[in-house]
Amino acid sequence: MTKIQQKQDIRKMNVDQIKNWMTEHGEKAFRAKQIYEWIWKKSAHSFDEMTNLSLATRQLMNEHFVIHSLDVAKKQHSNDGTIKSAFKLFDGNLVEGVLIPATDRMTACVSSQVGCSLTCKFCATGYMDRKRNLEAGEIYDQVVAIAQQAEKTFNAPLTNIVYMGMGEPLLNYANVLKSIEYITSPEGLNMSPKRITVSTAGIAKMITKLADDEVRFRLALSLHAANDTKRNQIMPINESNSLDNLAEALNYFYKKTGNRITFEYIVFNNFNDTLQDAKELWEFCKRVPARVNIIEYNPIAEADFKNTEADRLDKFAAFLEDRGVSVHVRRSRGKDIDAACGQLANKETN
């Protein structure tokens with residue numbers, strides 16, 4: 001009985017590997033560069049789109065290779081313009097991506113894993129099992145799909161990308177960095193790395209690795225509490241990555257890259273929203289050169305956390321600003337849809 005050959009995802013190959021394969025199969029070496037350009041610059045999802053290849057070459061590629069692209073399984077439009085998509089992967093798994101429009105920018109929020117292993121208590125994704133890491137091409141595809149939504153809906157180009165969707169980016173290190181390479185390369189989407197922010201729950205040794213790799217994108221830490229006792233309660237990752245360890249790694253990152261860190265701080269009602277909490281955050285900001293994004297919370301069914309009251313949020317922000325901390329209050333977006341990360345994909349799979 002003849003064994004059926006498994007087709008290889010061509011997007012896992014670099015241009016030299018494609019070139020070697022082409023010459024081994026009697027094709028011209030320069031075809032590899034054409035194919036690579038179709039994949040990463042023109043975002044082709046099939047070999048049939050590659051019209052400057054001969055029909056015979058396209059057939060050869062179809063026989064041996066596949067392009068594992070994603071599809072939009074469901075899309076939700078918020079009254080504030082936010083568009084949330086559940087993306088279906090080639091194996092049937094779902095991840096989420098969000099287009100966040102503003103007057104001065106169009107931001108794509110993308111996922112890096114199917115589910116998550118970190119079990120943060122306030123996050124819908126934290127209540128899902130981590131099924132697998134996303135491939136670099138699958139992360140790239142989210143950016144392309146959201147960029148198309150920005151053009152179609154708002155007639156505006158995508159300006160920013162945040163890795164703040166489902167999953168912990170630094171636990172999918174190689175694929176996240178490879179996806180950023182494709183997004184920023186002149187042979188890819190040619191976006192500036194300064195327009196990209198990778199958000200982490202805080203894995204000190206991986207932050208140090210980012211510094212040693214001298215990455216050019218920006219880094220955000222999902223902080224949400226500036227003392228270890230409270231942070232341990234809501235983010236179990238803190239038990240093995242204490243604030244002291246994170247401060248050391250973040251300062252090393254800043255020294256090596258020159259990029260100031262952003263602290264993401266969700267304000268939960270009667271948990272981390274007092275002036276004492278603000279004081280602890282201010283003290284932590286003195287240890288690490290950082291700006292602070294104070295974020296309104298989108299409640300989820302799985303947890304009892306609620307967003308803080310408006311006056312408490314304002315006093316919290318004012319306390320920091322009065323002491324010279326760069327603060328931006330990020331108002332909740334998409335309140336009328338499944339706004340919290342993981343909600344839409346979780347709903348679609350249940």
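Values in this document were obtained by computation on a predicted structure and should not be read as measured data. (Residues numbered from 1 in each chain as written. Predicted model: local features only at pLDDT ≥ 70, side-chain atom pairs only at ≥ 80, totals over all residues. Heavy atoms only, no water.)

## Re the overall build of the protein
Per the secondary structure count, the protein includes 11 helices and 14 strands. Its C-alpha atoms give the protein a radius of gyration of 22 Å, within 12% of the compact-globule value 20 Å for 350 residues. Referenced to the eigenvectors of the C-alpha coordinate spread, the extents of the protein come out at roughly 70 × 45 × 40 Å. Going through the 350 residues of the protein one by one, you find that 54% of them count as buried. Entry remark: accessible area of the protein is about 16300 Å², with carbon and sulfur atoms responsible for 47%. Looking at the protein, you have 46 positive and 44 negative side-chain charges, and the mean spots of the two groups are 3 Å apart. (Helix = DSSP H or I, 4+ residues; strand = E, 2+ residues; numbered from the N terminus. Rg over C-alpha atoms; globule rule 2.2 N^0.38 Å. Buried < 20%, exposed > 50% of the residue type's maximum accessible area, 1.4 Å probe, protein only. Areas by Shrake-Rupley, 256 points an atom, 1.4 Å probe, with all protein chains shown as cover. Lys, Arg positive; Asp, Glu negative; His and termini not counted. Charge placed at Lys NZ, Arg CZ, Asp CG, Glu CD.)

## Considering the sheet that holds strand β4 (residues 83-88)
An order of β3-β4-β5-β6-β9-β10-β11-β12-β13-β14 is seen for the 10 strands of this open sheet, with the pairing classed as mixed. Only two strands of the sheet have a single neighbouring strand rather than two, namely β3 (71-77) and β14 (327-330). Put simply, the sheet's adjacent strands are angled 20° from each other on average, direction ignored. Strand direction decides the pairing type here: strand β12 (residues 261-266) and strand β13 (residues 290-295), joined by six bridges, are parallel. Within β13, the position partnered with Phe263 by the bridge is Val292. Strand contacts of helix α9 (residues 275-287): β12 and β13, with the helix running at about 170° to β12, the strand carrying the most contacts. (Pairing = 2+ DSSP bridges. Axes fitted to C-alpha atoms, helices over the stretch in contact; angles between N-to-C directions. Contact = heavy atoms within 4.5 Å.)

## Remarks on the domain arrangement of the protein
Many descriptions give the size of an interface as the accessible area lost when the pieces come together. By the assigned domains, the protein splits into domain 1 (8-66) and domain 2 (71-330). If you average the C-alpha positions of domain 1 and of domain 2, the two centres end up 35 Å apart. In this assembly, eight residues from domain 1 lie in contact with 11 residues from domain 2. The contact between domain 1 and domain 2 buries some 860 Å² in all, and 50% of this surface belongs to carbon and sulfur atoms. Together, Arg11, Trp40 and Lys41 form the three largest contributors to the area buried by domain 1 at its contact with domain 2, with a combined 57%. The tally of links between domain 1 and domain 2 comes to two salt bridges. Here Lys12 ties to Glu135 by a salt bridge, and the two come within 3.3 Å at their closest N and O atoms. Linking domain 1 with domain 2 are eight residue pairs in polar contact (both at pLDDT 80 or more). Here the residues of the side of domain 1 that touches domain 2 are counted per class, giving three nonpolar, two polar and three charged. (Domains from an automatic or database assignment. Buried area = accessible area lost by both parts, 1.4 Å probe. Salt bridge = Lys/Arg side-chain N within 4 Å of Asp/Glu carboxyl O. Polar contact = N/O pair within 3.5 Å; in protein donor to acceptor, adjacent residues only side chain to side chain. Nonpolar A, V, L, I, M, F, W, Y, C, P; charged D, E, K, R; others polar.)

## Some remarks on the side chain of Thr82
Take Thr82: it is sitting in the loop between β3 and β4. For Thr82, the side chain forms a polar contact with the side chain of Asp80, separated by 2.7 Å.

## Description of the nonpolar core
Ranked by internal contacts, the top residues of the largest apolar core, which has 107 residues, are Ile10, Tyr163, Phe263 and Leu281. Three or more residues apiece are contributed to this core by two domains, here domain 1 (8-66) and domain 2 (71-330). (Core = buried A, V, L, I, M, F, W, Y, C linked by side-chain atoms within 4.5 Å.)

## Regarding the pattern of salt bridges
A side chain of one charge can pair with a side chain of the opposite charge when the charged atoms of the two come close. Taken as a whole and judged by the stated rule, the model has 15 salt bridges. Residue Asp91 is joined to Arg132 by a salt bridge in which the shortest nitrogen-to-oxygen separation is 2.7 Å. Pair noted here: Asp91 is in the loop between β4 and β5 (94-101) and Arg132 is in strand β8 (residues 132-133), with a separation of 41 residues, a long-range link. Taking relative accessible area as the criterion, Asp91 reaches 36% and is therefore assigned partly exposed. You can call Arg132 buried: its relative accessible area is 17%. Linked through salt bridges whose partners overlap, the residues forming this network are Asp91, Arg132 and Glu138.

## Brief notes about the packing of aromatic side chains
Summed over the entire model, instances satisfying the criterion amount to 11 aromatic pairs. A ring pair is formed by Trp40 and Tyr182, whose centres lie 3.6 Å apart and whose planes are at 10°; its orientation type is stacked. Here the residue Trp40 occupies a position in helix α2 (residues 31-40), and Tyr182 occupies one in helix α5 (residues 173-184), the gap between them amounting to 142 residues. Overall, Trp40 belongs to the buried group, its relative accessible area being 1%. Centroid distance Phe263 to Phe284: 5.3 Å. Interplanar angle 35°. Geometry classified as tilted. Here the residue Phe263 occupies a position in strand β12, and Phe284 occupies one in helix α9, the gap between them amounting to 21 residues. A relative accessible area of 2% places Phe284 in the buried class. The structure contains a cluster of three or more aromatic residues connected by ring pairs, namely Phe122, Phe268, Phe271, Tyr297 and Phe305. Here the basic side chain of Arg323 rests over the ring of Trp282, its NZ or CZ set 5.6 Å away from the ring centre. (Phe/Tyr/Trp six-rings, centres within 6.5 Å; stacked < 30°, edge-to-face > 60°. Lys NZ or Arg CZ within 6 Å of the ring centre and 35° of its normal.)

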